[in-house]
Amino acid sequence: MRFAIALLTVICIASIIGTVLKQHEPLGNYVNQFGPFWSAVFRAAGLDAIYSAWWFLVILAFLVVSTSLCVLRNAPRIAQDLSSFREGIRASSLEAFGTRASATLAETPGAAAERIQGQLTGAGWRVRLQRRSGGVMVAARAGGAHKLGYLAAHSAIVLVCLGGLLDGDLMVRAQTWFNGKSAYQGGGMIADVAPQHRLPASNPTFRGNILVPEGSQASVAILNQQDGVLLQELPFSIELKKFIVEYYSTGMPKLFASDVVLHDRATGDQVPARIEVNHPASYKGVEIYQSSFDDGGSSVKLKAVPMTAAAKPFEIDGTIGSSAQLSNGAEQLTLEFTGLRVINVENFADAGASSSTRPGNDGATDVRKVDLRSVFAERLGAANKADKPKTLRNIGPSIGYKLRDAAGQAREFQNYMVPVDTGDGPVFLFGSREKPDQPMRYLRVPADEQLSLDGFVRLRSALADKSMRERAVRRYVARAIDASKPELAEQLRISAERALGLFAGIERGPNDSTDANASDPTRAGGWQAIARFMEANVPEAERVRAGTVLVRILNDVLFELLNVGREDAGLPASAADEKAQAFLTQAVLAISDANFYPAPVALQLVDFKQVQASVFQVARAPGKAIVYLGCLLLIVGIFAMLYVRERRLWVWLQAADNDESSSAATMALSVNRQTLDSGHEFERLKSGLLGLNQAL
């Protein structure tokens, strides 16, 4: 019994682990989340597929055998005990009971026995009389369900373990062991997978996932295994007519629903159904659950935004889930289209604002005022408090993709389609990260007056063009210096050209080389190049003043360069107002930060056609009904064992010594578990059967 309880404890702990830790995930997911050491430990212990681990199945099988033997051994004894009243007990033995009473009754032993039998039967007791030469023994019993609870509880453990074995991977593993099936580790189309990797539609138990895009059908589910996948044929195909998703104001989905048609592959029948979360459909013994949703192959059109001087704009079309090759002649990259998100809801509230610093309070804070009610209300209660400051806004669609180099290393990107106003004007957000467990780092590129990236691209292209830089410098010098002072104009031209060349990455400092410039983004241009130049050439005491002058010169030259690009594009010159200056400031910062962008181009989402897909979990679980029955028996059994008391009562009746018309009665009560109610019940029996006063 102790060993069985220990095994049950192990099963409970394993079930908790299997609930917390995602099962049947690719090894790379565990490596990214837990690291290589712990992912190897999880794989060795089978914690990534705990319900099909050999040790888990062995424990379940042992409990089934052990508990079944226990039930079989004790069931005959319990059945015999349920039919036994133990009426053959000796009268003298009743004197040894701790709960007993004696009385003299004014009736013969036979009449008293008949009366007592009637009273006990009416109270729900089962009674048997045994007439002896010296008197009558009345034997009664109640609460026999207590022992039935023992059988029910132990049988429940057997049923639950059997259901777990049936609904686990035991049947699937048996087919891989005895039917020549093996996991598939390759890729490609499902139709091209060999038969040894497929399980028949008659498979008695399985649980897998199937993805169905809108307007298409699928009839093969994916069963994840540690060393690959198995393909499970279904007796029907699922056609997704329409996928419906509704969102909360926070952007979280609140409803998944799929309108489907089930096509019977044997008869050709078509059965319409609607599948929602917690409302599955069932057909031919297979339950179909709404698991999640995904992209079903949306088509996207992307436009390349140059991040370096050598990159050129281009457009590329693709499909989510597919890949394409990109090359600049020297480097080959693989573009993987990973995801399209049509809705992105973000909270733009000022988290740092409090009631004492909101507009209207003049920014004053009374430190002496302590409002305990608001303090406690802020920290207690529901997580979705209505009084929390929220400014939720949908910032539009975004595209996710990966760029993989020749060595197989990939970087992940997430770029938004429309500009986002973050408080400093509308900007396009280009996110990137090297590892999945890292947060996205965003490059902020300003939008022009047409809310497009054309203004930034023109400025970036003009900065890389030598003739356009020279024209911008000449314009700046002509505007800043009087024509009567040619020597000053020449000095300013040289300074402006050098500053603009440093920022563009064309002019290099004395310690910068071409090779270093190619590998180190701090040497490629931008404000980093300006800072390096000043550290190397300007004394520390004069850097603040010289830096102020250099920044002013560079800003003015870049403004002229901006207008040069606009003129070549046939656009009017930008006015020197606050709006134009804000755009220029953001654009200059973006050009400087673009040197750290991990790709030569950023791909902007231009257009898309969304195709949604439903992810269904399909399961044939014959053990489900067995587990439900086991749970019911477990509840009944535990209730019977805890709350039903088995009681046995004996009353010995014999003729009194001096009067044949009266009888001497001796009563004894036996209870399997003594409680306060047992004492009260015995007092009621004394009063009702023997006529003795009930003790209070």
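Look above for the structure.
Residues numbered from 1 in each chain as written. Predicted model: local features only at pLDDT ≥ 70, side-chain atom pairs only at ≥ 80, totals over all residues. Heavy atoms only, no water.

1. Concerning a nonpolar patch on the surface
Argument step 1. Where nonpolar side chains cluster on the molecular surface, the patch consists of Leu634, Ile638, Phe639, Leu642 and Tyr643 and spans about 520 Å² of accessible area.
Argument step 2. Relative to the helices and strands, Phe639 is located in helix α15 (residues 623–643). (Patch = residues over 30% accessible without salt bridge, like charges linked within 9 Å, V, L, I, M, F, W, Y side chains within 5 Å. Areas by Shrake-Rupley, 256 points an atom, 1.4 Å probe, with all protein chains shown as cover. Salt bridge = Lys/Arg side-chain N within 4 Å of Asp/Glu carboxyl O. Helix = DSSP H or I, 4+ residues; strand = E, 2+ residues; numbered from the N terminus.)

2. Re the sheet that holds strand β23 (residues 601–609)
Argument step 1. One open sheet holds the three strands; their spatial order is β13-β12-β23, and the pairing between them is antiparallel. Each edge of the open sheet is held by one strand with a lone partner, namely β13 (315–319) and β23. Sheet twist, expressed as the average angle between the axes of neighbouring strands with direction ignored, equals 30°.
Argument step 2. Note: strand β12 (residues 299–306) against β13, five bridges, orientation antiparallel. Following the sheet pairing, Lys301 is matched in β13 by Asp317. (Pairing = 2+ DSSP bridges. Axes fitted to C-alpha atoms, helices over the stretch in contact; angles between N-to-C directions.)

3. What to know about the pattern of salt bridges
Pairing between side chains of opposite charge can happen when the charged atoms of each approach one another.
Argument step 1. Summed over the entire model, instances satisfying the criterion amount to 32 salt bridges.
Argument step 2. Two residues, Asp81 and Lys147, come together in a salt bridge whose shortest N-O distance is 3.5 Å. Of this pair, Asp81 sits in helix α3 (residues 54–82) while Lys147 sits in helix α5 (residues 145–167), and the two are 66 residues apart along the sequence.
Argument step 3. Here Asp81 falls in the buried class, since its relative accessible area comes to 11%.
Argument step 4. The salt bridge involving Glu449 is made with Arg566; its shortest N-O contact spans 3.0 Å. Residue Glu449 is found in the loop between β22 (441–446) and α8 (454–464), and its partner Arg566 is found in helix α13 (residues 543–568); the two are separated by 117 residues along the sequence.
Argument step 5. One network of salt bridges, with partners in common, ties together Asp81, Arg86, Arg141, Lys147, Glu646 and Arg648. (Buried < 20%, exposed > 50% of the residue type's maximum accessible area, 1.4 Å probe, protein only.)

4. Focus on the packing of α8 against helix α14 (residues 578–593)
Argument step 1. Direction vectors running N to C along α8 and α14 enclose 60°, while the axes themselves pass 10 Å from each other. The pairing of α8 with α14 is recorded here as oblique in orientation. When you trace α8 past α14, the crossing you get is right-handed. Between α8, through Gly455, Phe456, Leu459, Arg460 and Leu463, and α14, the contact on the second element is made entirely by Phe583, Leu584, Ala587, Ala590 and Ile591.
Argument step 2. Class assignment of the residues belonging to the contact of α8 with α14 gives a composition of eight nonpolar, one polar and one charged. (Parallel < 35°, antiparallel > 145°, perpendicular 65-115°, else oblique. Left-handed = near helix turned anticlockwise from the far one by under 90°. Contact = heavy atoms within 4.5 Å. Nonpolar A, V, L, I, M, F, W, Y, C, P; charged D, E, K, R; others polar.)

5. Quick word on helix α2 (residues 27–45)
Note: α-helices contain 3.6 residues per turn, so residues at a spacing of three or four share the same orientation.
Argument step 1. With 19 residues, α2 should cover 27 Å at 1.5 Å per step; its first-to-last C-alpha distance of 14 Å lies more than 12% under that length.
Argument step 2. The sharpest bend along α2 comes to roughly 120°, located at Phe34, with the proline Pro36 sitting one to four residues further on.
Argument step 3. Listing the buried residues of α2 in full gives Tyr30, Gly35, Ser39 and Phe42. (Expected span 1.5 Å × (residues − 1). Bend = angle between axes of the 7 residues up to and from the residue.)

6. What to know about the sheet that holds strand β3 (residues 136–142)
The strands making up a sheet associate through backbone hydrogen bonding, with each pair oriented either parallel or antiparallel.
Argument step 1. Strand order in the open sheet formed by five strands is β1-β26-β25-β3-β2, and the pairing between neighbours is antiparallel. The open sheet has two edge strands, β1 (100–105) and β2 (126–131), and neither has a second partner. Pairwise comparison of adjacent strand axes, ignoring direction, gives a mean angle of 15° for this sheet.
Argument step 2. Bridge count for β1 against strand β26 (residues 663–671) is six bridges, and the pairing is antiparallel. Within β26, the position partnered with Ser102 by the bridge is Thr666.
Argument step 3. In the packing of helix α16 (residues 676–690) onto the sheet, the strands contacted are β1, β25 (647–655) and β26, and the crossing angle to β26 comes to about 160°.

None of this, on its own, says anything about what the molecule does.
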